[in-house]
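Take a look at the letters that make up each chain.
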Amino acid sequence: ATMIIPFDETPVIGGPANTCLACHNGRRDRSDLDNFVINGGRGFHSNSQGPMLLGVGGVEWPGFEYDTQHPHNTWNEEKCITCHMWTKEFEDELNPAVVGHSFIPKIESCNVCHTFADAVEMEAYKEEYQAETLALLAEFEALWPAQWKTETDGVIDIHTRPDTADPPTFDGPPKDDPLGNQYRECYWNYYYIQADHSKGVHNPAYGRALLNSAIARLMELNAL
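Residues numbered from 1 in each chain as written. Predicted model: local features only at pLDDT ≥ 70, side-chain atom pairs only at ≥ 80, totals over all residues. Heavy atoms only, no water.

1. Describing the confidence of the model for the protein
Residues shown with low pLDDT carry predicted positions that ought not to be read at fine detail. What counts, and what does not: Per-residue confidence from the predictor is given as pLDDT, running between 0 and 100. Under the scheme used here, helices are H or I runs from DSSP no shorter than 4 residues and strands are E runs no shorter than 2 residues, and both carry numbers assigned from the N terminus.
On average, residues of the protein score 93 in pLDDT, and 99% of them reach the 70 mark or higher. When pLDDT is averaged over each element of the protein, helix α9 (residues 204-223) comes out on top at 98 and helix α6 (residues 107-110) at the bottom at 90.

And the structure:
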């Protein structure tokens, strides 16, 4: 059966994973993106794993490459099931069965394809990659203009919704302003990566491209 991801009505043949994708589908389409760019708000719903896996839904600028065809999707016929419901037969008391009902991805599932490393090495490889993604998110936060963000106990809160006060206090980038709209385009990608919650693992190539290009665009906008 085919599941439809709302963004651009993207079809995906997910098999048993359609049950997962029925909810983990992002709940946003291109009209939501267009509305966000003008008015601000939340951006992607915090269930954007489906769109990320498929490589759809981000803001893509000319001059940047966006590789959507990552093996986590293209080679992975069972999609979410492969990692989040990985199973293993009982071997002995030190190696019990894994039934996959916790939905917590086991690092051993990675080794099915990533044969260059054992489970310990793979865990270190994954953590290093996720740390790099978190560092890029922090870089984006640092670059976001100070007048449109607040910090509480070390946690940065980025504001995107335009302030309607008169005169405006610039709680977020101004409304009906081309520059403000471009800032919100950058934020869309930033929040998309956050909302996916895998720290880039679901689609490393696409997720990292969205974040890197958003940071590059943010630097260009700040220089204007």
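2. Observations regarding the packing of aromatic side chains
Short version of the rule: Note on ring pairs: Phe, Tyr and Trp rings are taken, using the six-membered ring of Trp, and paired if centres are within 6.5 Å. Classes follow the plane angle, with under 30 degrees stacked, over 60 edge-to-face and the rest tilted. With a 1.4 Å probe rolled over the protein chains alone, any residue whose accessible area is under 20% of its type maximum counts as buried; one over 50% counts as exposed, and the rest are partly exposed.
With the rule as written, the count across this model stands at 14 aromatic pairs. Here Phe 44 and Trp 188 contribute two aromatic rings whose centre-to-centre distance is 5.0 Å and whose plane-to-plane angle is 50 degrees, an arrangement assigned as tilted. Residue Phe 44 is located in the loop between α2 (30-39) and α3 (49-54), and its partner Trp 188 is located in helix α8 (residues 178-196); the two are separated by 144 residues in the primary sequence. Ring centres 5.0 Å apart and planes at 80 degrees place the aromatic pair Trp 148 and Tyr 183 in the edge-to-face group. Of this pair, Trp 148 sits in the loop between α7 (119-143) and β3 (149-152) while Tyr 183 sits in helix α8, and the two are 35 residues apart along the sequence. In this structure, Trp 148 and Tyr 183 share a single accessibility class: buried. Counting every residue linked through ring pairs, the aromatic cluster contains Phe 7, Phe 36, Phe 44, Phe 140, Trp 144, Trp 148, Tyr 183, Tyr 187, Trp 188, Tyr 190, Tyr 191 and Tyr 192.

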